[in-house]
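These are the residues of each chain, in order.
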Amino acid sequence: MRRTTAAAPAASPATSPSTSPSPSPAGQDSGTGLRTEFPFRLPRGYVDEHGTVHRDGVMRLATARDELVPLRDDRVRENSAYLSVVLISRVVTRIGTVDDIHPGVVEDLFASDLAFLQDFYRRVNAEGHTRAAVTCPSCREEFAVDLAGGGRLGE
């Protein structure tokens, strides 16, 4: 089967870049509504070589390739626990101002931040959302929180 692509129609004055509607939110395809990027806030934060703490980041949806390529990595073959380090480094696109996320960056995360990203990955890619069910320790009321953030703790 041969694929063909249709040429885009010429821009009319009504759809020129200066008058086009505002773009869809980052990581969201306006045609399908599929969300492909998810913001997060690390519990402790990544500390770079200058001592700067970076907490806010973005994780994208994983592809089949993201899950297959690490299996060929020698570090993963020697130690299967390293799989999550390589996998997380492939799907996290930014932490603070750091946008070159590689296994060395993930290795330098605090254990609580790595555990957070592993759970976040599972929620985004397996469950399709970033919500978690929680129970208030004081009143025992159950409710959902969005792990991607959007609000401050206690709100």
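Residues numbered from 1 in each chain as written. Predicted model: local features only at pLDDT ≥ 70, side-chain atom pairs only at ≥ 80, totals over all residues. Heavy atoms only, no water.

1. Describing the overall build of the protein
Here is step 1 of the chain: Assigned secondary structure in the protein consists of five helices and five strands.
Here is step 2 of the chain: When the helices and strands of the protein are read in sequence order from the N terminus, they spell out β-β-α-α-α-β-α-α-β-β.
Here is step 3 of the chain: Split into buried and exposed, the 155 residues of the protein put 29% on the buried side.
Here is step 4 of the chain: Contacts in the protein between residues at least 24 apart in sequence constitute 46% of all its contacts with a sequence separation of at least 6.
Here is step 5 of the chain: On the protein, roughly 10900 Å² of surface is accessible, and the fraction owed to carbon and sulfur atoms is 52%. (Helix = DSSP H or I, 4+ residues; strand = E, 2+ residues; numbered from the N terminus. Buried < 20%, exposed > 50% of the residue type's maximum accessible area, 1.4 Å probe, protein only. Contact = heavy atoms within 4.5 Å. Areas by Shrake-Rupley, 256 points an atom, 1.4 Å probe, with all protein chains shown as cover.)

2. A short note on the pattern of salt bridges
Here is step 1 of the chain: By the definition in use, this model includes six salt bridges.
Here is step 2 of the chain: Between arginine 41 and aspartate 56 there is a salt bridge; the shortest N-O distance is 2.8 Å. Of this pair, arginine 41 sits in strand E1 (residues 37-47) while aspartate 56 sits in strand E2 (residues 53-60), and the two are 15 residues apart along the sequence.
Here is step 3 of the chain: Judged by relative accessible area, arginine 41 falls into the partly exposed class, the value being 42%. (Salt bridge = Lys/Arg side-chain N within 4 Å of Asp/Glu carboxyl O.)

3. Thoughts on the sheet that holds E1
Here is step 1 of the chain: The sheet built from three strands is open, its strands ordered E1-E2-E3 with antiparallel pairing. Only two strands of the sheet have a single neighbouring strand rather than two, namely E1 and strand E3 (92-95). Neighbour-to-neighbour, the strand axes of the sheet open up by a mean angle of 25°, direction not taken into account.
Here is step 2 of the chain: Two elements, E1 and E2, share seven bridges in a ladder whose sense is antiparallel. When the bridges of E2 are listed, proline 39 appears paired with valine 58. (Pairing = 2+ DSSP bridges. Axes fitted to C-alpha atoms, helices over the stretch in contact; angles between N-to-C directions.)

4. Here's the deal with the nonpolar core
Here is step 1 of the chain: In terms of nonpolar packing, the biggest core is built from 25 residues, with Phe40, Met59, Ile88, Val92, Ile95 and Leu117 touching the most fellow members.
Here is step 2 of the chain: Only E1, helix H3 (83-91), E3, helix H4 (103-107) and helix H5 (111-127) provide two or more residues apiece to this core.
Here is step 3 of the chain: At six residues, H5 tops the list of elements feeding residues into this core.
Here is step 4 of the chain: Apart from the residues within four sequence positions on either side, leucine 117 is in contact with Phe40, Leu42, Met59, Ile88, Val92 and Leu109. (Core = buried A, V, L, I, M, F, W, Y, C linked by side-chain atoms within 4.5 Å.)

5. Considering the packing of H3 against H5
Each pair of packed helices can be described by the angle between their axes along with the distance between the axes.
Here is step 1 of the chain: One way to put it is that H3 packs onto H5 with a least axis distance of 11 Å and a crossing angle of 70°. The orientation of H3 with respect to H5, classified from their angle, is roughly perpendicular. Considering the relative orientation of H3 and H5, their crossing is left-handed. In contact with Ser84, Leu87, Ile88 and Val91 of H3, H5 contributes Leu114, Leu117, Gln118 and Tyr121.
Here is step 2 of the chain: Its residues assigned to classes, the contact of H3 with H5 shows six nonpolar, two polar and no charged. (Parallel < 35°, antiparallel > 145°, perpendicular 65-115°, else oblique. Left-handed = near helix turned anticlockwise from the far one by under 90°. Nonpolar A, V, L, I, M, F, W, Y, C, P; charged D, E, K, R; others polar.)

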